Amino acid sequence: MKLKQAALAAAILAAAIAAVIGVQTGATAAAPSSCTLADGKIKHVIYLQFDNTHFRRDNPSVASDLEQMPHLLNFLQNNGTLFTNDHTILISHTAGGILSSLTGLYPDRQGQTVSNSYDYYKASGVPQFTSSFKYWTSPVATADDTTPNMITDTGKTTPAPWVPYTRAGCDFGGVGTANIELENNSTAPNGDIYNVYGPTSPEAAEPAAQRTTDFVGIAVHCSQSSSSVCAGNAHAKADLLPDEPGGYGGYSALFGAKYVDPAITGGNACVNDTSGNPIQDRAQNCGFPGFDGMLAKNSLGYVAAMQEAGVPVTYAYISDAHDNHTLGRASGPGEPDYTAQLQAYDQAFADFFANLAAHGIDKSNTLFSITVDEGDHFAGAQVSDGIYSHTACPQASLTAVTACPSNQIGEVNAKIGALLPSGEPSYDIHFDDAPTFYVNNQPARTDASVRKLERDVWNATAPDPYANAVVPVAQFLGDTVEEKTLHMINADPKRTPTFVMFGNPDFFFQTTNLSGGCAGASVCVNPGFAWNHGDVQEEIGNTWVGFVGPGIAANGTDSTTWTDHTNVRPTILSLLGLHDDYVSDGHVLREVLSGWAVPDAMQKSGQFVQLSQAYEQLNAPFGSFALDTLTASTKALSSTDDSIYTSIENKITDLTSQRDALAAQIRTALNGAAFDDTPISNSQAGDFVSQARDLLDQAHTLASS
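Everything quoted here is computed from the prediction, not taken from an experiment. (Residues numbered from 1 in each chain as written. Predicted model: local features only at pLDDT ≥ 70, side-chain atom pairs only at ≥ 80, totals over all residues. Heavy atoms only, no water.)

S.K.: Which parts of the structure should I look at to understand the state of the cysteines?
M.R.: Here, disulfide denotes a covalent bond that connects the sulfur atoms of two cysteines. With the rule as written, the count across this model stands at five disulfides. Note on cysteine connectivity: cysteine 270 is disulfide-linked to cysteine 286, with sulfurs 1.7 Å apart. Given an S-S torsion of about -100°, the disulfide between cysteine 270 and cysteine 286 has left-handed geometry. You can see cysteine 270 sitting in the loop between helix H9 (257-265) and helix H10 (296-308) and its partner cysteine 286 sitting in the loop between H9 and H10, a full 16 residues away along the chain. In this model, cysteine 393 is linked to cysteine 404 through a disulfide, with the two sulfur atoms separated by 2.0 Å. (Disulfide = S-S within 2.5 Å. Helix = DSSP H or I, 4+ residues; strand = E, 2+ residues; numbered from the N terminus.)

Have a look at this one:
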């Protein structure tokens, strides 16, 4: 009897442990799939992209985000390569950072040159706000601008990131990742529900909140294999990509948790998070918890469920840890709720890795690529006890600093018009730390009113309580000449900003009146937000990316290799033996490949690494060419001497033209060595490097003159 009781107790304990880590008892391997990658060496691909999660410390006395997630950090450092000198793009926001990582393209070739929102000019000449977050094939706006939101340099929709996978027989799961699932619940013309299900469908008839839970944020783009989760599924819809190179007929997809959840759980309405609890919205309905609700336990729970159900490629987004997703405010380094959230994220990763391993999914057969969309500047006091003042601190004057609590937290909100003289032309801005200005009627960059506005913005000041001084609000300026250098002009001319101001990173700029505890002030510390990005400072541009799996070198932490987001996709595709139907702006990271994973032509290209590093500094938005020309641009736009302005602008235009021509040749060569079995000779590489260094020197001389 005691033996039976002991056996029963053991069984109960085993079941409890399985529930905690999300393991289905009896399951030892993922469901079969027709997917073949890297000649069978890789059977699963798990791509994760955090929002604003840092390797660097934001307070020297407080462990960084990754340091407080040791299960993730140790996994990357002990099993593969963690690049900690990675960089985002400009403007460095969530949408742009994710989409450049997904496509391997800079914003001028994937459309989101300004994000997470941008303006476009209506026929009246008035700039109009719109969101970057739209489903992959959606237009800018139905009535005013029907060009693709995700516009590439041909004027068509950017090729979709799931296509190489589905063509290879692999189902592709999307979990909260920008623009690869439905992004809104709209039943209006060209809304996501309207486009996929139709305005008179049962799906469209659901209440708005329920449509978000049921249909937004979760998707599976399916292969044509008989083992696909779409096969025989009555809810599968045509996966329409009319602009896809080579065509994309006959493919289907499942959109939304209402239809994906049962397909990957054997009929259950809910997917469990990593702790074994159902993933629900705030009303406790099974399904998508909202983009802000994509905590590690939820995103990783969906990834595990998809992988175990035979969806071998999963791309997922994880919400930032430094915002309190319950109270709806920012938290500072060391603050108890921030620390607790990082601990919860760490536990989610511990459970996630254990769950996958129990199903035969681990580093021996799985490629893990884990990164972050952008960095941040922490706008707040440097406190050692983690206790912050979460009250607004209005600045009563534009010429003097009002004292804030010594432990103040929050970005400095500023109504931009209040900082400028009267008589400015009408304009709108993209509300941001680095606002883009859209002057009504889209005047030429040399227009007198534009030039005056640029100089006034450069001379504007505001009180910054963190500096205890009245400070300039602008640090750099770039008009359409420099925007082209920074890859900030795409194929839709209606979206081109008149100029961009890269601001003091403590500040966030808007055109509307401040609200809440800041009402009535022109400048005010807003404790609801404290992590500024979009800007050009190194702490914002510097990010990280880690790779683990077959063919990945065990380099540990690599803080030397300079890389950026566009290199993630070509590196993944090269490892898998896949390719895109376009030449990427990025290149394969030779430094991370080992043994069989190094393509023959790359192996024969003795100066591949040297050439790729020269290319980065020449072409990347955070490379030295871009930053030097931005310094020169700032001198031009802030100058009252038209001859200085014209001379510098002409030089930047000429240098950028030469840069673009050389960069196109280099990227073709780098991609050819990785995907087309075309080695780069030492003489060719040496010539490219020499030309790149010459342009870099010229840009630096221009910045220094």
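S.K.: I tried to follow unusual backbone geometry on my own but got confused; where do I start?
M.R.: Of all residues except glycine, most have a negative phi; of all peptide bonds, most are trans. Between leucine 90 and isoleucine 91 the backbone carries a cis peptide bond, its omega angle lying at -5°. Inspection of the secondary structure assignment puts isoleucine 91 in the loop between strand S2 (80-87) and helix H3 (94-103). A positive phi angle, close to 55°, is found at aspartate 39, a residue other than glycine. Counting through the fold element by element, aspartate 39 comes out in the loop between helix H1 (2-21) and strand S1 (44-50). Residue classification places aspartate 39 among the exposed positions, given a relative accessible area of 73%. (Buried < 20%, exposed > 50% of the residue type's maximum accessible area, 1.4 Å probe, protein only.)

S.K.: Teacher, can you tell me more about H10 here?
M.R.: Over its 13 residues, H10 extends 18 Å from the first C-alpha to the last, a length consistent with the 18 Å expected when each residue adds 1.5 Å. The buried fraction of H10 amounts to 12 of the 13 residues, a majority that puts the element mostly inside the structure. The complete set of buried residues in H10 reads Ala296, Asn298, Ser299, Leu300, Gly301, Tyr302, Val303, Ala304, Ala305, Met306, Gln307 and Glu308. One or two residues past the end of H10 sits glycine 310, with phi positive at roughly 95°. (Expected span 1.5 Å × (residues − 1).)

S.K.: What should I look at first to understand the environment of leucine 73 in this one?
M.R.: Note that leucine 73 resides in helix H2 (residues 70-79). When the C-alpha atoms of leucine 73 and phenylalanine 349 are compared, they prove to be 10.0 Å apart, with 276 residues separating the residues in sequence. Contacts of leucine 73, omitting those with residues within four sequence positions, involve Phe55, Leu66, Glu67 and Leu82. (Contact = heavy atoms within 4.5 Å.)

S.K.: I would appreciate a short explanation of the environment of asparagine 567 in the present structure.
M.R.: With respect to the secondary-structure elements, asparagine 567 resides in the loop between strand S28 (556-558) and helix H15 (568-576). Under the relative-accessibility criterion, asparagine 567 is labelled buried at 1%. Sequence-wise, asparagine 567 and glycine 104 are 463 residues apart; in three dimensions their C-alpha atoms are separated by 6.1 Å. Setting aside residues no more than four positions away along its own chain, asparagine 567 makes contact with Gly586, His587, Leu589 and Glu616. A polar contact is formed between the side chain of asparagine 567 and the backbone nitrogen of histidine 587, at a distance of 2.8 Å. (Polar contact = N/O pair within 3.5 Å; in protein donor to acceptor, adjacent residues only side chain to side chain.)

S.K.: What's the story with the confidence of the model for the protein in this structure? I'm lost.
M.R.: Summary statistics for the protein give a mean pLDDT of 94 and a share of 96% for residues scoring 70 or more. Note that residues 1-27 has pLDDT below 50 and, in this model, 21 contacts with residues that lie over four places away or in other chains. (pLDDT = per-residue confidence, 0-100.)

S.K.: What am I meant to see in the side chain of asparagine 526 here?
M.R.: Mapping asparagine 526 onto the fold places it in strand S25 (residues 523-526). Its relative accessible area of 18% is what places asparagine 526 among the buried residues. Looking at asparagine 526, its side chain comes within polar contact range of the side chain of asparagine 413, at 3.1 Å. Within polar-contact distance, the side chain of asparagine 526 engages the backbone nitrogen of glycine 528 at 3.0 Å. Beyond its immediate sequence surroundings of up to four residues, asparagine 526 is in contact with Ile409, Gly410, Glu411, Asn413 and Cys518.

S.K.: What is the right way to read empty space enclosed by the protein from this model?
M.R.: Enumeration over the complete set of coordinates arrives at two cavities of 30 Å³ or more. In this structure, the largest cavity occupies an estimated 60 Å³ of space. Lining the largest cavity are 13 residues, with Asp58, Ala63, Asp65, Pro333 and Tyr338 sitting closest to its centre. Classifying every residue of the lining of the largest cavity by side-chain character gives five nonpolar, four polar and four charged. What the second largest cavity holds in volume is close to 30 Å³. Contributing to the lining of the second largest cavity are Trp136, Thr137, Thr157, Thr158, Ala160, Leu241, Pro242, Asp243 and Glu244. (1 Å grid on protein atoms, 1.4 Å probe; cavity = no way out; pocket = protein on both sides within 12 Å on 5 of 7 lines; lining within 4 Å. Points joined across faces, edges and corners; volume = space filled by probe spheres on them. Nonpolar A, V, L, I, M, F, W, Y, C, P; charged D, E, K, R; others polar.)

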